[in-house]
Amino acid sequence: VYTVESTCHTTDKVGVFGEAFRVLKPGAYFAGYEWCVTDLYDPKNEEHVKIRQGIERGNGLPETVHYSVVKDALVKCGFELVDAFDAMANNEKPWWYPFLNTYTLKGLARTKVGRAMSTLLITVLEKVGLLPAGCLEVQNCLNYGADCLVRGGETGVYTVGYFFLARKPLTKA
């Protein structure tokens, strides 16, 4: 069983991981990637909190937890933790690279010019009724979330790739 960037959307990790544990045969593995705050995240730091909340708002997430919460939930469900680490750390290109404002065909939408063009287009299409009202608000929310992802990566307070591998024991403890 595996999960990729999905269990970060639940506030009940024990409940979700417990279901994975229930359906797995003894000796089977459960792996996943999770969005988490890192050891550098300080809940008393206003900028860190603003970054986390912006990511959550822009990506439809509940409050993002520290990766220790993920590990603790796996163990609480009965899993043996085989491995767990930030798979996005020390990569050649940072994980937030796709969200950077680069003047390339792929990166144009992230630039001020690209955002202005898409804002104008969405505004016009909303006004003439080809897009429902609220699309511009959604675009602004998504852009803010992307900006916060970049800041979360740059500051090191956030990761989108906390990897875990857990195993259901062969025998009951």
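All of the points below concern the structure found in this document. Every value quoted in this text rests on a predicted model; they were computed, and no experiment measured them.

This next bit is on the nonpolar core. Judged by nonpolar contacts, the single largest core of 16 residues is most densely connected at Trp35, Ile55, Leu61, Trp95, Leu149, Tyr158 and Val160. Taken together, the elements giving at least two residues each to this core come down to strand 2 (29-37), helix 2 (46-59), helix 5 (135-155) and strand 4 (158-167). Ignoring sequence-local partners within four residues, the contact set of tyrosine 158 consists of Trp35, Cys36, Val37, Thr38, Ile55, Leu61, Thr64, Trp95, Leu149, Gly152 and Gly153. Ranked by size, the runner-up nonpolar core spans 15 residues in total, among them Leu24, Val70, Leu74 and Tyr162.

Our focus in this paragraph is the environment of leucine 170. Structurally, leucine 170 is set in the segment after strand 4. C-alpha separation for the pair leucine 170 and lysine 25, spaced 145 residues apart in sequence, amounts to 8.3 Å. Setting aside anything within four residues of it in sequence, one finds leucine 170 in contact with Pro26 and Gly27.

With that settled, consider the sheet that holds strand 1 (residues 2-4). As summarised here, the arrangement of the 4 strands in space is 1-2-4-3, forming an open sheet in which the pairing is mixed. Looking at strand neighbours, the two that pair on one side only are strand 1 and strand 3 (80-86), the edges of this open sheet. Each adjacent strand pair in this sheet contributes to an overall mean axis angle of 20 degrees, direction not counted. Pairing of strand 3 with strand 4 involves 6 bridges; the strand directions are antiparallel. Paired with glutamate 80 across the two strands is arginine 167, which belongs to strand 4.

Calculation notes
- Residues numbered from 1 in each chain as written.
- Predicted model: local features only at pLDDT ≥ 70, side-chain atom pairs only at ≥ 80, totals over all residues.
- Heavy atoms only, no water.
- Core = buried A, V, L, I, M, F, W, Y, C linked by side-chain atoms within 4.5 Å.
- Buried < 20%, exposed > 50% of the residue type's maximum accessible area, 1.4 Å probe, protein only.
- Helix = DSSP H or I, 4+ residues; strand = E, 2+ residues; numbered from the N terminus.
- Contact = heavy atoms within 4.5 Å.
- Pairing = 2+ DSSP bridges.
- Axes fitted to C-alpha atoms, helices over the stretch in contact; angles between N-to-C directions.

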